[in-house]
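Geometric and topological summary
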Amino acid sequence: MRYHIGLPLVVVIAIAGASLAAQSTRAPAAWTPPRTSGGQPDLQGIWTNATITPFERPASLRDKAFLTEAEVEALERRAASGRDEDRPPAAGNVGSYNQFWYDSGDRVVSTRRTSLVIDPPDGRVPLRPEAEAARDYRSAHEGDSYEFLSVWDRCITRGVPGGMFPAGYNNAYQIVQTPGYVVIHYEMIHEARIIPIDGRPHVPAQVRSWNGDPLGHWEGNTLVVDTTNYNDKGWIATSAAAGRIKGVPQTESLHVVERFTPIDANTIDYQATIDDPKMFARPWTVSIPLHRDPTYRIYEYACHEGNRAVEGILRGARAQEILK
């Protein structure tokens, strides 16, 4: 799967040119987005976020926050040349989809950042030891019970904000605005996230859910979504594209603030700040440009809780126990 900037690509970065660690992102020119009939900035449309930029900054890049144009061109050429390459699975591995089914992109994010994590400045998520221990325990026991399997594998949810993180395919989102609400339809697992923007308070603290209680409001042209009231059953990230963050559990202390800022007619700057003091040493932020794609078609993602894959995984684990 084309999820990370691997060693060969890192070598390309190392030799491509001088570091631009001090360079900032391109400053967007003043732009006034169109308005909906209700007077809100119009975010409606189909947006995609597939990228070869890694979730966290590779250790080899250390303090290098941005790539040069030459480095970006080299990375994208290499990604494009290898996108149709299929390799047989390793011995004992049943394999997965071939490259036809993947759509993890072949471009670096438009900001040229070396990671989607932008804070802390080193581009690394500040995991607590407890978070890593919980993640590793679940991974080691995923064949023991459905409860240890990914909530994505179980077709429940990719989570919030995990559902906004790029994955190997189905990286599209449709935004719809109606009076009092913004709705985000996720292509992956066909979720529809309904966000009230009518000024109501959060639900009582004892009311908990997989994806929390989202409330939105506008700060100028930016849609700000504040989400609390999570249960402790979900994951911060469910895709392998998130690297070592996949499988870190959420707790009832989780608090997420998302910001959707249109910077031109075809780009939304999406940022999410994640705060869960039981899992992370400090809050951290990801930044993922969303790009408009009016030609993209979203089809049903036919995933359902209790799907046969879960049964197959658990049956396979029981068969392995017998063989031992």
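In what follows, the structure referred to is the one given above.
Report follows, based on the coordinates. Remember, predicted model here, so these are calculated numbers, not experimental data.

Helices and strands together make up the secondary structure of the protein chain, namely 4 helices and 10 strands. Along its sequence from the N terminus, the protein chain presents helices and strands in the succession α-β-α-β-α-β-β-β-β-β-β-β-β-α. In the protein chain, the share of contacts with a sequence separation of at least 24, taken over all contacts with a separation of at least 6, comes to 66%. Just so you have it, the protein chain exposes about 16200 Å², and 53% of that area is on carbon and sulfur atoms.

Residues V182, I184 and Y186 point to one face of strand 4 (residues 181-186) and are all buried, whereas Y181, V183 and H185, pointing to the other face, are not buried. In sequence, strand 3 (residues 172-178) turns back onto strand 4 through a hairpin of 2 residues, with G180 there showing a positive phi of about 90°. Across 5 bridges, strand 4 lies against strand 5 (residues 192-196) in antiparallel orientation. Bridge pairing links V183 to I194 in strand 5.

This paragraph deals with the state of the cysteines. In the structure shown here, the tally under the stated rule is 1 disulfide. Covalently, C155 is tied to C303 through a disulfide, its sulfur atoms 1.8 Å apart. Because the torsion about its S-S bond is -80°, the bridge between C155 and C303 counts as left-handed. One end of the pair, C155, is in the loop between helix 3 (129-140) and strand 3; the other, C303, is in the loop between strand 10 (284-292) and helix 4 (308-323), with 148 residues separating them in the sequence. When sorted by exposure, C155 lands in the same class as C303, which is buried.

One broad rule of soluble globular proteins: the nonpolar side chains tend to lie buried together. In terms of nonpolar packing, the biggest core is built from 46 residues, with F55, F260, F280 and W284 touching the most fellow members. For this core, the secondary-structure elements that each account for two or more residues are helix 2 (69-82), strand 3, strand 4, strand 7 (222-228), strand 8 (255-264), strand 9 (267-275) and strand 10. Each residue touching F260, except ones within four places of it in the same chain, is listed here: L43, M164, I184, N221, T222, L223, V225, I268, D269, Y270 and L290. Formed by 9 residues, the second largest nonpolar core is a distinct cluster that contains Y102, C155, A167 and Y169.

Calculation notes
Residues numbered from 1 in each chain as written. Predicted model: local features only at pLDDT ≥ 70, side-chain atom pairs only at ≥ 80, totals over all residues. Heavy atoms only, no water. Helix = DSSP H or I, 4+ residues; strand = E, 2+ residues; numbered from the N terminus. Contact = heavy atoms within 4.5 Å. Areas by Shrake-Rupley, 256 points an atom, 1.4 Å probe, with all protein chains shown as cover. Buried < 20%, exposed > 50% of the residue type's maximum accessible area, 1.4 Å probe, protein only. Pairing = 2+ DSSP bridges. Disulfide = S-S within 2.5 Å. Core = buried A, V, L, I, M, F, W, Y, C linked by side-chain atoms within 4.5 Å.

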